[in-house]
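Next come the chains, spelled out residue by residue.
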Amino acid sequence: MRKKAKNNRLKMKIKMTEIILNIVEDEPRWAENIADIGAVVEEVKEAAFTYVKAKENLPILQAEKPLKVNLCLSNDAKVQELNRDFRGLDKPTNVLSFANLDYADFAEQNSPFAEIELGDIIIAYETMAKEAEEENITLYAHFCHLLAHGFLHILGYDHIADDEAEYMENLEKAILQKLDIADPYVQE
């Protein structure tokens, strides 16, 4: 059973740049297994961007234009194809993120447009469900974790080096705490 986010915990007195989500659901099991998936995505988006904006001084979150994120709720086959084509890994993974901030000409490419496109997040249903079962957590909790992880990637965070990984994990834990979701890195 999913826990409802406490709205009073998410309200902070900071001016938030508008975040526009473009959600594509190309795998029917998402809607069948996570109730009101659109509302869940909005809750995670609000928690992630509000927390990062309050904690970090990211210039992109001070933008005068709305920020756009493309989210694809997909399956292992699609994620494996993308992972192979863009990362050279011919296997599915739980979440892929393609951050436009990673490109040197990001600012110039976005300057003529009304919105700033931050990037794309693609989550594989089967891999996510398998991991949730193995970790004995709900689909809801694992989905929220993977989505928060994806949002952090498109904001420029990474986990290649150990110190980066620890920092990113701490951000994830704080965001999930705002949603009343247990620390995903604690082994029981």
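In the block above lies the structure referred to throughout.
So, here is what we can say about the structure in this document. All values derive from a computational prediction rather than experimental measurement. (Residues numbered from 1 in each chain as written. Predicted model: local features only at pLDDT ≥ 70, side-chain atom pairs only at ≥ 80, totals over all residues. Heavy atoms only, no water.)

Taken in spatial order, the 4 strands line up as S1-S2-S4-S3 in an open sheet, and their pairing is mixed. With one partner strand each, in any of the chains shown, strand S1 (19–25) and strand S3 (95–99) form the two edges of the open sheet. Neighbouring strand axes in the sheet, compared pairwise and without regard to direction, differ in orientation by 15° on average. Both S3 and strand S4 (residues 116–124) contribute to a ladder of 5 bridges, which runs antiparallel. Within the sheet, the bridge partner assigned to Val95 lies in S4 and is Ile123. In this fold helix H6 (residues 125–135) packs onto strand S2 (67–74) and S4, with an angle of close to 60° to the strand it touches most, S4. (Pairing = 2+ DSSP bridges. Helix = DSSP H or I, 4+ residues; strand = E, 2+ residues; numbered from the N terminus. Axes fitted to C-alpha atoms, helices over the stretch in contact; angles between N-to-C directions. Contact = heavy atoms within 4.5 Å.)

Here the focus is the pattern of salt bridges. This model, assessed by the stated rule, comprises 7 salt bridges. With its nearest N and O atoms 3.8 Å apart, the salt bridge here joins Asp183 to Lys173. Residue Asp183 is found in the segment after helix H8 (162–178), and its partner Lys173 is found in helix H8; the two are separated by 10 residues along the sequence. Classification of Lys173 as partly exposed rests on a relative accessible area of 26%. Members of the salt-bridge network, linked through shared partners, are Glu27, Arg29 and Glu126. (Salt bridge = Lys/Arg side-chain N within 4 Å of Asp/Glu carboxyl O. Buried < 20%, exposed > 50% of the residue type's maximum accessible area, 1.4 Å probe, protein only.)

At their nearest, the axes of helix H7 (residues 139–154) and H8 sit 10 Å apart, and the two run at 130° to each other. Compared by their axis directions, H7 and H8 come out oblique. The way H7 lies across H8 gives a crossing that is right-handed. Of the residues in H8, those touching H7 at Cys144, His145, Ala148, His149, Leu152 and His153 are Met168, Leu171, Glu172, Ile175 and Leu176. (Parallel < 35°, antiparallel > 145°, perpendicular 65-115°, else oblique. Left-handed = near helix turned anticlockwise from the far one by under 90°.)

Two measures describe an aromatic ring pair: the distance that separates the ring centres and the angle between the ring planes. Taken as a whole, this structure holds 5 aromatic pairs when the rule is applied. Centroid distance Phe86 to Phe98: 5.3 Å. Interplanar angle 65°. Geometry classified as edge-to-face. Linking Phe86 in helix H4 (residues 76–87) with Phe98 in strand S3, this pair joins segments that are 12 residues apart in sequence. According to the relative accessible area criterion, Phe86 is exposed, its value standing at 57%. Grouping aromatic residues by their ring pairs yields a cluster made of Trp30, Tyr125 and Phe143. (Phe/Tyr/Trp six-rings, centres within 6.5 Å; stacked < 30°, edge-to-face > 60°.)

Now for the pairing of S2. In terms of burial, S2 is largely enclosed, as 7 of its 8 residues are buried. Judged from the 7 bridges that link them, S1 and S2 form a sheet pairing that is parallel. The residue of S2 that forms the bridge with Glu25 is Leu73. As paired elements, S2 and S4 share 8 bridges and run parallel to each other. By the bridge assignment, Ser74 is partnered in S4 with Ala124.

Attention now goes to the packing of H6 against H7. Two elements in contact, H6 and H7, have axes separated by 9 Å at closest approach and are oriented at 120°. As summarised for this structure, H6 and H7 are arranged oblique, according to the angle between their axes. Crossing hand, H6 versus H7: right-handed. Between H6, through Tyr125, Met128, Ala129, Glu131, Ala132 and Glu135, and H7, the contact on the second element is made entirely by Leu139, His142, Phe143 and Leu146. A breakdown of the residues in the contact of H6 with H7 according to their chemical character gives 7 nonpolar, 1 polar and 2 charged. (Nonpolar A, V, L, I, M, F, W, Y, C, P; charged D, E, K, R; others polar.)

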